[in-house]
Amino acid sequence: MKRLSRLALLAAAALALSACTDSAAPTAAAPSGSGSATGEVRQVRVAALPIAETGALWAAIDAGIFTKHNLDVEVVPAQGGAQAIPALLSGDIQFAIGQPFGPFRADLQNLGIVMIGDYADSNTEGPDVNAVVAPAGSGITGPADLAGKRVSVNSLGAAGDVTIMKAVQDAGGDPASIQFVEVAFPDAPAQLDAGSIDAAWVPDPFMSKVIAAGGTKVVSPYQATIPGLPVLTNITTQKTLDQDPQLVADYSAAMEEALTWAADNEPAVRDAIATNLKIPADAAAGITLPTFRWQLDTQNLQKLADTAVEFTVLDKAPDFDRLVKQQ
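Quick notes on the rules
Residues numbered from 1 in each chain as written. Predicted model: local features only at pLDDT ≥ 70, side-chain atom pairs only at ≥ 80, totals over all residues. Heavy atoms only, no water. Helix = DSSP H or I, 4+ residues; strand = E, 2+ residues; numbered from the N terminus. Buried < 20%, exposed > 50% of the residue type's maximum accessible area, 1.4 Å probe, protein only. Areas by Shrake-Rupley, 256 points an atom, 1.4 Å probe, with all protein chains shown as cover. Axes fitted to C-alpha atoms, helices over the stretch in contact; angles between N-to-C directions. Parallel < 35°, antiparallel > 145°, perpendicular 65-115°, else oblique. Contact = heavy atoms within 4.5 Å. Nonpolar A, V, L, I, M, F, W, Y, C, P; charged D, E, K, R; others polar. Pairing = 2+ DSSP bridges. 1 Å grid on protein atoms, 1.4 Å probe; cavity = no way out; pocket = protein on both sides within 12 Å on 5 of 7 lines; lining within 4 Å. Points joined across faces, edges and corners; volume = space filled by probe spheres on them. Phe/Tyr/Trp six-rings, centres within 6.5 Å; stacked < 30°, edge-to-face > 60°.

Q: Whenever I open this one, the overall build of the protein chain confuses me. Can you help?
A: Within the protein chain one finds 16 helices and 11 strands. Each of the 327 residues in the protein chain was classed as buried or not, and the buried ones make up 54%. Accessible surface for the protein chain amounts to roughly 12800 Å². Of this, 50% is attributable to carbon and sulfur atoms.

Q: When you look at the packing of helix α7 (residues 159-170) against helix α15 (residues 298-310) in this model, what are you seeing that I'm missing?
A: To characterise two packed helices, one gives the angle between the axes of the helices and the distance between these axes. Where α7 meets α15, the closest approach of the two axes is 10 Å, and the angle between their N-to-C directions is 70°. The angle between α7 and α15 falls in the class roughly perpendicular. Taken together, the residues of α15 that come into contact with α7 (itself represented by A159, V162, T163, K166 and Q169) are L304, T307, A308 and E310. Partitioning the contact of α7 with α15 into residue classes produces 4 nonpolar, 3 polar and 2 charged.

Q: Please clarify how the sheet that holds strand β8 (residues 199-203) should be interpreted in this entry.
A: Within a sheet, each strand pairs with its neighbour through backbone hydrogen bonds, oriented either parallel or antiparallel. Pairing in this open sheet of 5 strands is mixed, and the strands run β7-β6-β8-β5-β9 from one edge to the other. Both outer strands of the open sheet, β7 (179-182) and β9 (216-219), are each paired with one neighbouring strand and no more. For this sheet the average axis-to-axis angle between neighbouring strands, irrespective of direction, equals 35°. Of the pairings in the sheet, the one linking strand β6 (residues 150-153) to β7 comprises 4 bridges and is parallel in character. Its bridge partner lying in β7, R150 is registered against Q179.

Q: I would appreciate a short explanation of the sheet that holds strand β4 (residues 113-121) in the present structure.
A: On the basis of which strands lie adjacent, the open sheet formed by 6 strands has the order β2-β1-β3-β10-β4-β11 and mixed pairing. Only two strands of the sheet have a single partner each, and these edge strands are β2 (71-77) and β11 (291-292). Bridge count between β4 and β11: 2 bridges; the pairing is antiparallel. The residue of β11 that forms the bridge with D121 is T291. Along the sheet, helix α3 (residues 55-62) makes contact with β1 (42-48), β2, β3 (95-98), β4 and β11, crossing β2 at roughly 150°.

Q: Mind showing me how you'd approach the layout of surface pockets here?
A: Roughly 230 Å³ of internal volume is contained in the second largest pocket. Lining the second largest pocket are 16 residues, with L88, G91, T237, K239 and T240 positioned closest to its centre. If you list the elements that add at least two residues to the lining of the second largest pocket, you get α5 (81-90), β10 (230-237) and α11 (238-243). Per-element accounting of the lining of the second largest pocket gives the leading share, 4 residues, to α11.

Q: What is the right way to look at the packing of aromatic side chains in this model?
A: In this description, an aromatic ring pair is defined by two values, namely the gap between the centres and the angle between the planes. The tally for this structure, following the rule as stated, stands at 7 aromatic pairs. Their ring planes at 40° and their centres at 6.4 Å tell us that F66 and Y251 sit as a pair that is tilted. Note that F66 is positioned in helix α4 (residues 65-68) and Y251 in helix α12 (residues 245-264), a separation of 185 residues in sequence. With relative accessibility at 2%, the residue F66 sits in the buried group. Their ring planes at 85° and their centres at 5.7 Å tell us that F104 and F320 sit as a pair that is edge-to-face. Of the two residues, F104 sits in helix α6 (residues 101-108) while F320 sits in helix α16 (residues 320-323), which places them 216 residues apart along the sequence.

All we've got here are geometric facts, nothing functional implied.
Quick look at the structure:
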């Protein structure tokens, strides 16, 4: 059931770019032929990053959770939420799992992108799901040391650099002096080895790889600034929500069940990570997993947007009443 494909349009887009309610799924009548109304299995494309957090999705597909909801899911690799938005708008994919800033910026442009649920949150204590790491011998040991350094993030002007700047500021450093460089997560360890960057913001398995080679965990910026921050959220278009509410309802129900299941089936998630990221099982066993959940924490999203405005990454905060349509 699990299939990874390379979507040409999505790749091209990646080169070109980046009042939450308690209501249940929409009650509008489903379009004729909708999956749950007829028992027909519907194919859906979901963009997701090729990182450890996606293990919950891969494992849930293997476990048949989406099939149970009459959905045949194709996972489309993406670099971030923002890069998936053109494919969402064109209809080439129906849903995406990505970082919050893609939807933030889309809302500021009134593009009709909506967040329908959470996916993964940073951990409020203990090891976190991402960190800024520096190579052995760099002399970078704390967030203040990042001032004036070249620091990679996977998408410029997103949660990574915003929370890093806040952490550096809180530690007494000058956040404006950081030189952020856009580097895809899988490429960051090699860029550190080559000396092209001084530090890298990465999730696992890349975080653990750098640390295992003698590197230093400098700071976990999410945990240091907004503990429990949504790392990845589920997004779609308002058009899809209006025109095919049954599809959104089926997907939402499946994803909510998948995330609850993943939280209780960690070994299966780790097996899926090892298989899909092609890493040894023992490496997958050491990965720090996020908190998988469906209900969005809008307050933390608001804090993130406000911090982005503070550092002029966003001109203003998005309209959360329009953006967040929790299913």
